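One letter stands for each residue in the lines below.
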Amino acid sequence: MPASKGIEFKLFAPYNDSVSLIGDWNSWEPIPMKKDKKGFWKVSVPLGDGEYQYKFRVKSKSYFSLDETVDVFDPYATHLSGDQFENSCIIIQQGQPVVTTYQWRHDKQPLPANKELVIYELHVGDFTGGPGDGPQGGPKSKGRFGDVLDKLDYLADLGVGAVELMPVKEFPGEQSWGYVWRSLFAIERAYGSPDELAQLIDELHGRGIRVILDMVFNHSDLETPLTKINYEYWYYKDNPDAPHLRWGPKLNYTHHDANLDVWPARQYAWDAIEYWLDHFHIDGIRFDAALVLNRDFLTWVQQNIYQKIGDIKPFYTIAECIPQDPGIAGPDGPLDAAWHEHFYRQLICTTVGAPTEGREPFNLEAIINVLDPRRDGFSGTFNVVNYLNSHDENRLLWQISNAGGFYDESAFRRNKLGAGLLLTAPGVPMFWMGEEFGESAPRTMEYQPLDWALLQNDTNSGLLHFYQGLIKLKRTTSALQNDTFEVILRDDNRGLLAYKRWDDAGGVVVVVANLRHQYAGEFVLENVGLEDGSWHEYVFNYDNTVQNGVLRDTLAESEIKIFVKR
C-alpha cells in the first residue's frame, strides 16, 4: 500500500478484547486497532521508506495470562530484531513492505526428478568455520548463508541432487538445530538475511541442486506470539502425546472455528508453507516429528502443495516418522516418502559389524528385507529415504570405531561398504554433511563445525572420491533409479550378498558385497540372467567378462563391487 495511504498492520486475534500497535516510529506509543468481521485487527500508519520495529499489545485470552496485557511480535513477521529478537521488523521500499529484494536468476534451470535425488542433510550453523576452512586453513567466519554459498562448488563437485537444510527459522539463542521455533516466517538472524538465503537457494538451483526445507509443525517454543495471544485457539491445553514426545506446545490441527469457518492452526501452517514456496522457491519439505502430526492435516497440506505447484517443478514431501510407519508415505499415505528407519537400524548394524539394538550384522534375511522397501511394507522405491547417518545419530565412522572396534584402514573399508549399499539400494539415499569425507566427531547439539582439515589425509580424501563416484553412478544410471531389485547371491556362511538392478532399456547393475571383515576369495554368479560380454567394475575401475552367463571374481574383507553392463 502506498505510504500516502499508510502501511497496513494486521493481527488475527478474533476473540481478544483489545489490540494496539506499538512501534519505534512514534517512541512506542500505542495506536488502537479495529477488528473486522473476519477476526483481523487492523490499522494503517503513514510510514516512509525505511526499516521499522513494532509489536502488538494484546489483552491475552491464554489461560495462564487471562486478561493480562502482553506485548508480542507479529506471528507473520518476516524479520525479527531487537536485543533478544523480540520485535517484529518491517522493511518498506517504494511505499511497499518487502520480504526480499533479491532478483532470482535461475528459476528456469532444470532440476532433478525425485527418483534422481541424492540428498545432503546440512546444518547451516556447523557446515562452515571449522578447522581447515579458512584461507590456508586459518580462521573463517562461521555458520552463515554466505559461508555455505562459498562452498557451492564443493557441493556441485560432490554431485548431490538436493540439499536438505535443517530449520532456518528464528529460534531461541544463537546456536541451535532449530527444532523449537519462535516463528514459522522469520529467518534466523544468526544465519543471515532473507536476501542471503534467497541467493543461496537460487545459486544451488543454478547448479542443478534442489533445496528441501526441514520444517517443524508439531510444536513450537513457549514464547511464540500465538501462545500468548490465545493459547487454546491454536494449541492443545493438555498435550495428548506421550511424555517422551512432548517437545513444546503442540499445535491443534483438529480445532475448527465454526463461527469464522477457519482451522486456525492449519491456516497458520499453510500460510507459512505458501510463504516459503513463494519467496524462497523451495523444492521439498521434510516434516519433523511426523509420527505425532495429525494425518488429516498432512493430507490437506499435501493436496494444497501439489495444487499450487502443479507441473511447474518437481517437489518432494518427506516424513521423519520414527518409529517407522510405512502408511505415512505413498499412494495411500499423506506424503511422498518417509525416512526409512528400519534401513538405518539394520544397515548401521551391518556396517558397524557388531550386534546393535537386537539386530545382527550379518543376518542376510533382515538385510534383504530392508534393501527392498516393498518387503518392509512400503508401496515402492520412491516412498523411502534411506540413510546410514543423520543429525540424530552419532556419525557413521564414529560408530564403526567405537561400537564395531574397527580403526584406520579397516574402518574406512567398512564405511565404503555401507555407502556402497546405501547408494545402490532401491530408494532415495541421504547422508549427513561430513559423512562423505569421514567426519567422526561424536554427536552433540553444541557448536561443532565440520573438520575440513581431514581432507588433507589420503584416507579421508579417498573416501570423498569414493562417494563422488558412487553418487555420479547413482544419478546417471537409470537402473539404479528404477523400481527393481532381485537378490542373485546369498551365502549366509560367508556373509556374501549380491543383487541386481535393471531398467526397461536393458541397463543392468550388479552389486556384490562381502559383509564380513574376512577375506572371501572367489564368488560365482550363474543362472541369474547375466548377459555375456564385457562388464565394468565401477569401484576399482576394471573390466570383467561374463561367459555363458557366468561372472567370476573375488572379494576382499569388507569389500563391495559394482558391475555395470558395457
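Residues numbered from 1 in each chain as written. Predicted model: local features only at pLDDT ≥ 70, side-chain atom pairs only at ≥ 80, totals over all residues. Heavy atoms only, no water.

Draft legend 1. Quick look at helix H11 (residues 408-424). Along its 17 residues, H11 runs 25 Å from first to last C-alpha, staying within 8% of the 24 Å computed at 1.5 Å per residue. Taking burial as the measure, the 17 residues of H11 include 13 buried ones, the bulk of the element. (Helix = DSSP H or I, 4+ residues; strand = E, 2+ residues; numbered from the N terminus. Expected span 1.5 Å × (residues − 1). Buried < 20%, exposed > 50% of the residue type's maximum accessible area, 1.4 Å probe, protein only.)

Draft legend 2. Structural view of the pattern of salt bridges. Applying the stated rule across the entire model yields 32 salt bridges. With a closest N to O distance of 2.9 Å, Arg182 and Asp221 form a salt bridge. Placement of Arg182 in the loop between strand E12 (162-165) and helix H4 (194-206) and of Asp221 in the loop between strand E13 (210-215) and helix H5 (225-234) is noted, with a sequence separation of 39 residues between them. Between Glu365 and Arg490 there is a salt bridge, with the nearest N and O atoms lying 2.6 Å from each other. Here Arg490 lies in strand E19 (residues 486-491) and Glu365 lies in helix H9 (residues 364-371), a separation of 125 residues in the sequence. By relative accessible area, which is 31% here, Glu365 ends up partly exposed. Residue classification places Arg490 among the partly exposed positions, given a relative accessible area of 38%. (Salt bridge = Lys/Arg side-chain N within 4 Å of Asp/Glu carboxyl O.)

Draft legend 3. Quick look at helix H6 (residues 264-280). Helix length check: H6, at 17 residues, gives a terminal C-alpha distance of 24 Å against a target of 24 Å (1.5 Å per residue), a fit within 8%. Burial of H6 is extensive: 12 of the 17 residues sit out of reach of the surface. Taken residue by residue, H6 has Pro264, Ala265, Arg266, Tyr268, Ala269, Trp270, Ala272, Ile273, Tyr275, Trp276, Leu277 and Phe280 as its buried positions. Directly beyond the C-terminal end of H6, a positive phi value near 55° is found at His281.

Draft legend 4. Highlighting the packing of aromatic side chains. This structure, assessed with the given rule, holds 37 aromatic pairs. Measuring from centroid to centroid gives 6.5 Å for Phe297 and Trp300, while their planes differ by 35°, and the two rings are tilted. Pair noted here: Phe297 and Trp300 are both in helix H7 (residues 295-309), with a separation of three residues, about one helical turn. Under the relative-accessibility criterion, Phe297 is labelled buried at 0%. The exposure class assigned to Trp300 is partly exposed, which follows from its relative accessible area of 24%. Within the aromatic cluster, the residues linked to one another by ring pairs are Tyr120, Phe127, Tyr154, Phe431, Phe437, Trp452 and Tyr467. We note Lys151 situated over the ring of Trp452; from NZ or CZ to the ring centre the distance is 3.9 Å. Here the guanidinium or amino end of Arg414 rests over the ring plane of Phe406, the centre of that ring lying 5.4 Å away. (Phe/Tyr/Trp six-rings, centres within 6.5 Å; stacked < 30°, edge-to-face > 60°. Lys NZ or Arg CZ within 6 Å of the ring centre and 35° of its normal.)

Draft legend 5. Here's a closer look at the sheet that holds strand E4 (residues 34-35). Read across the sheet, three strands follow the order E1-E5-E4 without closing on themselves; strand pairing throughout is antiparallel. With partners counted over all chains shown, the strands left at the sheet margins are strand E1 (7-12) and E4, one partner each. Pairing geometry for E4 and strand E5 (residues 40-45), over two bridges, is antiparallel. Residue pairing for E5: Lys35 is matched across the bridge by Trp41. (Pairing = 2+ DSSP bridges.)

Draft legend 6. Main features of the pairing of strand E7 (residues 69-72). Every second residue of E7 is oriented toward a common face, the buried set being Val70 and Val72 and the non-buried set Thr69 and Asp71. Note: strand E6 (residues 50-59) against E7, four bridges, orientation antiparallel. Across the sheet, residue Lys59 finds its bridge partner in E7, namely Thr69.

Draft legend 7. Quick look at the packing of helix H8 (residues 341-352) against H9. Relative orientation of the contacting elements H8 and H9 amounts to 140°, with a least axis distance of 9 Å. In terms of orientation, H8 lies oblique with respect to H9. Between H8 and H9 the crossing geometry is left-handed. On H9, the residues that touch His342, Phe343, Gln346, Leu347 and Thr350 of H8 are Ala366, Ile367, Val370 and Leu371. (Axes fitted to C-alpha atoms, helices over the stretch in contact; angles between N-to-C directions. Parallel < 35°, antiparallel > 145°, perpendicular 65-115°, else oblique. Left-handed = near helix turned anticlockwise from the far one by under 90°. Contact = heavy atoms within 4.5 Å.)

Draft legend 8. Structural context of the sheet that holds strand E16 (residues 337-339). One closed barrel holds the eight strands; their spatial order is E11-E12-E13-E14-E15-E16-E17-E18, and the pairing between them is parallel. Neighbouring strand axes in the sheet, compared pairwise and without regard to direction, differ in orientation by 25° on average. In this structure, E16 lies alongside strand E17 (residues 384-387), joined through two bridges in parallel fashion. Its bridge partner lying in E17, Ala338 is registered against Val384.

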